[in-house]
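# Survey of secondary and tertiary structure
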Amino acid sequence: MESDQQLVESVLRGDREAYAQLVERYQHAVFAAALRMLRDREAASDAAQNAFVTAYENLRRLRDRRAFGAWLLVIARREALSLSRDRPRMVPLEAAHDQAAATVADEDALDRQPREMMAALSSLPDHEQRVLMLRYFDSQPVGSIAEITGRSVGTVTKQITRALRRLRKLLGERGQ
Amino acid sequence: MMDHHLEERLRQLGKATEAPESLVGGVMQRIEESAGWGKSGRHGIPWGRSGHRRAAIVAVAACIAGLAIATPVLRNPAPRHAVLVHPWSGPLEPANLSPTLAEYQHAMVQSPEALDALLQQRPAQDVHGAPVGAELKAADVFRSDLTLYE
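Here we summarise the structure given alongside this text. (Residues numbered from 1 in each chain as written. Chains lettered and ligands numbered in written order. Predicted model: local features only at pLDDT ≥ 70, side-chain atom pairs only at ≥ 80, totals over all residues. Heavy atoms only, no water.)

## Describing the side chain of Glu79(A)
Threshold: Only DSSP runs of H or I covering at least 4 residues are called helices, and only runs of E covering at least 2 are called strands; the numbering of each starts at the N terminus. Exposure categories follow from relative accessible area, calculated using a 1.4 Å probe and restricted to protein chains: below 20% of the type maximum is buried, above 50% is exposed, and the middle band is partly exposed. Residues scored as positive are Lys and Arg, those scored as negative are Asp and Glu, and His as well as the terminal groups of each chain are ignored. Every case where a carboxyl oxygen of Asp or Glu lies within 4 Å of a side-chain nitrogen of Lys or Arg is listed as a salt bridge. Throughout this description, a polar contact denotes any pair of N or O atoms lying within 3.5 Å of each other; where both atoms belong to protein, one of them has to be capable of donating a hydrogen while the other can accept it, and for residues adjacent in sequence the pair is counted only when both atoms sit in side chains.
With respect to the helices and strands, the residue Glu79(A) is situated in helix 4 (residues 68-86). Buried and unpaired, Glu79(A) has Arg30(B) as its nearest opposite-charge partner, separated by 7.0 Å. Among the polar contacts listed, one links the side chain of Glu79(A) to the side chain of Thr54(A), at a separation of 2.8 Å.

## With respect to the packing of helix 7 (residues 126-137) of chain A against helix 8 (residues 142-149) of chain A
Residues and elements named next belong to chain A. Heads up, the rule is: Axes here refer to lines fitted to C-alpha atoms; in helices the fit is confined to the stretch in contact. Angles between the N-to-C directions go from 0 to 180 degrees. We call two directions roughly parallel when the angle between them is under 35 degrees, roughly antiparallel when it is over 145, roughly perpendicular when it lies between 65 and 115, and oblique otherwise. The handedness criterion is simple: a crossing whose near helix is rotated anticlockwise from the far helix by less than a right angle is left-handed, and one whose near helix is rotated clockwise is right-handed. It only takes one pair of heavy atoms within 4.5 Å for two residues to be counted as in contact. Under this grouping Gly is polar, as are all residues other than the nonpolar Ala, Val, Leu, Ile, Met, Phe, Trp, Tyr, Cys and Pro and the charged Asp, Glu, Lys and Arg.
Taken N-terminus to C-terminus, the directions of helix 7 and helix 8 make an angle of 135°; their axes are 10 Å apart at the nearest point. With respect to their mutual orientation, helix 7 and helix 8 come out oblique. For the pair helix 7 and helix 8, the crossing hand works out as right-handed. Contacts between helix 7 and helix 8 pair Arg130, Val131, Leu134 and Arg135 from the former with Val142, Ile145, Ile148 and Thr149 from the latter. Among the residues forming the contact of helix 7 with helix 8, the class breakdown is five nonpolar, one polar and two charged.

## As for the interface of chain A and chain B
Let me state the cut-off plainly: Once two parts are joined, some of their accessible surface, as seen by a 1.4 Å probe, is lost; buried area is that loss totalled over both.
Counting residues at the interface gives 41 residues for chain A, matched by 33 residues for chain B. Summing both sides of the interface, chain A and chain B together bury roughly 3500 Å²; the carbon and sulfur share of this comes to 65%. Looking at the side of chain A facing chain B, the largest losses of area belong to Arg16(A), Tyr56(A) and Tyr136(A), adding up to 20% of the total buried there. Between the two partners, chain A and chain B, sit one salt bridge. Linking Glu32(B) and Arg16(A) is a salt bridge whose minimum nitrogen-to-oxygen distance equals 2.7 Å. If you look at where chain A meets chain B, you find eight residue pairs in polar contact (both at pLDDT 80 or more). Elements supplying a minimum of two residues to the side of chain A that touches chain B: helix 1 (4-12), helix 2 (16-38), helix 3 (41-57), helix 6 (112-122), helix 7 and helix 9 (153-173) of chain A.

Here you go:
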């Protein structure tokens, strides 16, 4: 399996198939990040597409090519925020939760528990979000995640363990 | 919360946040439409705003460098004629300036007065505006030598 760095370099050399692989690899994580903020699948899909297009257009500016996934998640959140501004009826999850989460819960694309889980996950550092999403959303083995991220298996295992510990703590603080 | 319970909740969250359909087709189509992939000769990767900005900066820098090089040349244009270069004092005078060396030789043969008259015609400054005193002095010495032998 090619690493993010290898794929990014291939894209920069003009290999369109390499970018399709990156989209395939991260579409779930990007869509989930957008969905958490927009709470609307259609809008999340638009934001995710925007994020991939924006990432492609700015790919030359990415210095650490191993960090493509984490960088992409930042872009996805920005795109979702931008879309939520353009469509005022969509409010970021945190704001909605503070306002009247109970009253709108039925309309949400996510139920309350997964939504709060997603909020906790999103508050982790980007590289930890990325490894957890690859591991549990896409069921990638640790070895594959190591190849994708260009880290050693030991480093990825540590990142996952640390991320789970941090997530557990966050959920404990939120009474989950 | 046990780790396996947390992991299970993450997997459930993964299922709940799956995109309704693959984004690959839509994304690639949009990129091809917006970037004209394969048509640009830069392997389809667009310059983007930063690329255009960088190109503009390079163009401005090239203009400034060109002006910096051209300005001294315009201020002190090189002489259009050949210049006699003295080994110690540098460029002295245009080679086609009258009187010529042949005229000096001719005057020298004629009389000291003729040579003196020619020396009076010499320009007081060289092409760069510097006095040519040293050369005049040398000529004077030469003239005095002639006088001595008379």
